[in-house]
Amino acid sequence: MDDRQSIDLAAMLCSRLCHDMLSPVGALSNGLELLAMETDPEMRANVMQLLEQSAQISTNKLKFFRLAFGAAGGFGERVDVEEPKALVEALVADKAKIAINWALADATLAKPAVKVLLNFAQIAIDSLVRGGTLDIGAERRDGACEIVVRATGPKIAFDETIGKALDGSLDRSDLSSRTAAAHMIHLLASESGGGLQYHRGADALVLGAALPEGEGLIG
């Protein structure tokens, strides 16, 4: 990928982050305005509760994107699986209709695998517009890390362009902030000699990855 393409991808990822942060940060701003005008103690307490919720959502999202998009903690090292697990669980904390089942066979994952897992989870969560079940599994087998994320629910919302970005069949001219994250993890998988795939059914979306592990992988 040349410099121009790298800059475009970075810009698209920044746009995605800003889009996702706009709602909770906007709620913080509105809450502070209400707090400045409100004099009733009970109403002020309600506003403070909303401010705390918005601040927590903002913090959770920033932590998520720092590891899912960025170079949190440096490059190349392995990450304790409890870290991405906590980030995903925080994302669904306010989504009572989504349940998560975990099947993580190892105590740590390589940084590229963590990024793929987190981005898979984000895509799967977005697809469960009416709630459902999220099954997330990862294990090392025959020198590679295999990741599977399955979203099951009464209605699956999935943009096929995201799927094409995942498997590398999307034309670069069609890349956008919506597909940038999927394209990024496709590049990560390709760099390691691995690949991503997906399958969408009537009531399920399955995302899969095989990432060979070796020396010199990018973080």
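All values reported here derive from a predicted model rather than from experimental measurement.

Student: Would you mind going over the sheet that holds strand β5 (residues 144–152) with me for this structure?
Tutor: Paired through backbone hydrogen bonds, the strands of a sheet run either parallel or antiparallel to each other. Pairing is mixed in the open sheet, where 5 strands are placed in the order β2-β4-β5-β7-β6. Of all strands in the sheet, those with a lone pairing partner are β2 (98–104) and β6 (195–200), marking the two edges. When the angles between neighbouring strand axes are averaged without regard to direction, this sheet yields 10°. Sheet topology note: the β6/strand β7 (residues 204–212) ladder contains 6 bridges and is antiparallel. Of the residues in β7, the one forming a bridge with His 199 is Val 206. Packing against the sheet, helix α3 (residues 82–91) makes contact with β2 and β4 (132–141), and its axis sits at approximately 170° to β2. Along the sheet face, helix α5 (residues 160–167) touches β6 and β7 and points at about 155° away from the line of β6.

Student: Where do I start with the packing of helix α2 (residues 41–68) against helix α4 (residues 111–127) in this structure?
Tutor: Two numbers describe a pair of packed helices, the interaxial angle and the distance between the axes. Running from N to C, α2 and α4 point in directions that differ by 135°, and their axes come no closer than 9 Å. Judged on the interaxial angle alone, α4 and α2 are oblique. On the side of α2, the interface is formed by Phe 64, Phe 65, Leu 67 and Ala 68, while α4 contributes Lys 111, Val 114, Lys 115, Leu 118, Asn 119 and Gln 122. Each residue belonging to the contact of α2 with α4 can be placed in one class, and the counts come to 6 nonpolar, 2 polar and 2 charged.

Student: What's the story with α3 in this structure? I'm lost.
Tutor: Each α-helix winds once per 3.6 residues, and so residues spaced three or four apart point in a common direction. Residues of α3 that are buried include every one of Pro 84, Leu 87, Val 88 and Leu 91, and no others. All buried residues of α3 project into a common sector of 95° when viewed along the axis, lining one side.

Student: In this structure, what is going on with a negative patch on the surface? I would like to understand it.
Tutor: Negative charge collects at one region of the surface, where Asp 80, Glu 82, Glu 83 and Glu 89 lie side by side. When residues in the negative patch are grouped by element, the largest group, 3 residues, is from α3. Locating Asp 80 in the fold gives a position in strand β1 (residues 78–80).

Student: What is the right way to read α5 from this model?
Tutor: All of the buried residues in α5 are Ile 162, Gly 163, Ala 165 and Leu 166. The buried residues of α5 occupy one face: seen down the axis, they fall within an arc of 160°. Taken together, the buried residues of α5 touch α4, α6 (180–191), β6 and β7.

Student: Would you mind going over the side chain of Asp 20 with me for this structure?
Tutor: Structurally, Asp 20 can be placed in helix α1 (residues 3–37). Excluding anything up to four places from it in sequence, Asp 20 contacts Lys 61, Phe 65 and Gln 122.

Student: How should the pattern of salt bridges be read in this particular structure?
Tutor: A pair can form between side chains of opposite charge whenever their charged atoms are brought close. Taken as a whole, this structure holds 7 salt bridges when the rule is applied. One salt bridge connects Arg 16 with Asp 20, and the closest N-O pair in it is separated by 3.1 Å. With a gap of 4 residues between them, Arg 16 and Asp 20 both fall in helix α1, about one helical turn apart. Given a relative accessible area of 13%, Asp 20 falls into the buried group. With a closest N to O distance of 3.6 Å, Arg 141 and Glu 146 form a salt bridge. By relative accessible area, which is 28% here, Glu 146 ends up partly exposed. One salt-bridge network, held together by shared partners, links Arg 16, Asp 20 and Asp 126.

Student: Mind showing me how you'd approach the packing of α5 against α6 here?
Tutor: Put simply, α5 and α6 touch, their axes get as near as 7 Å, and they point 20° apart. Regarding the angle of α5 to α6, the classification is roughly parallel. The two elements α5 and α6 cross, and the hand of that crossing is right-handed. Taken together, the residues of α6 that come into contact with α5 (itself represented by Ile 162, Ala 165, Leu 166 and Asp 167) are Ala 182, His 183, Ile 185 and His 186.

Student: Honestly, the packing of aromatic side chains in this entry has me stumped. Any pointers?
Tutor: Between two aromatic rings, the relevant description is the distance of the centres plus the angle of the planes. Under the definition given, this model contains 3 aromatic pairs. Ring centres 5.6 Å apart and planes at 85° place the aromatic pair Phe 64 and Phe 65 in the edge-to-face group. For Phe 65, a relative accessible area of 3% corresponds to the buried category. For the pair Phe 65 and Phe 69, a centre-to-centre distance of 5.0 Å together with 40° between the ring planes defines the contact as tilted. The burial state of Phe 65 is the same as that of Phe 69; both residues are buried. Grouped by ring-pair contacts, the aromatic residues Phe 64, Phe 65 and Phe 69 constitute a single cluster.

Definitions and limits used
Residues numbered from 1 in each chain as written. Predicted model: local features only at pLDDT ≥ 70, side-chain atom pairs only at ≥ 80, totals over all residues. Heavy atoms only, no water. Pairing = 2+ DSSP bridges. Helix = DSSP H or I, 4+ residues; strand = E, 2+ residues; numbered from the N terminus. Axes fitted to C-alpha atoms, helices over the stretch in contact; angles between N-to-C directions. Contact = heavy atoms within 4.5 Å. Parallel < 35°, antiparallel > 145°, perpendicular 65-115°, else oblique. Nonpolar A, V, L, I, M, F, W, Y, C, P; charged D, E, K, R; others polar. Buried < 20%, exposed > 50% of the residue type's maximum accessible area, 1.4 Å probe, protein only. Arc of directions from axis to C-beta. Patch = residues over 30% accessible without salt bridge, like charges linked within 9 Å, V, L, I, M, F, W, Y side chains within 5 Å. Areas by Shrake-Rupley, 256 points an atom, 1.4 Å probe, with all protein chains shown as cover. Salt bridge = Lys/Arg side-chain N within 4 Å of Asp/Glu carboxyl O. Lys, Arg positive; Asp, Glu negative; His and termini not counted. Charge placed at Lys NZ, Arg CZ, Asp CG, Glu CD. Left-handed = near helix turned anticlockwise from the far one by under 90°. Phe/Tyr/Trp six-rings, centres within 6.5 Å; stacked < 30°, edge-to-face > 60°.

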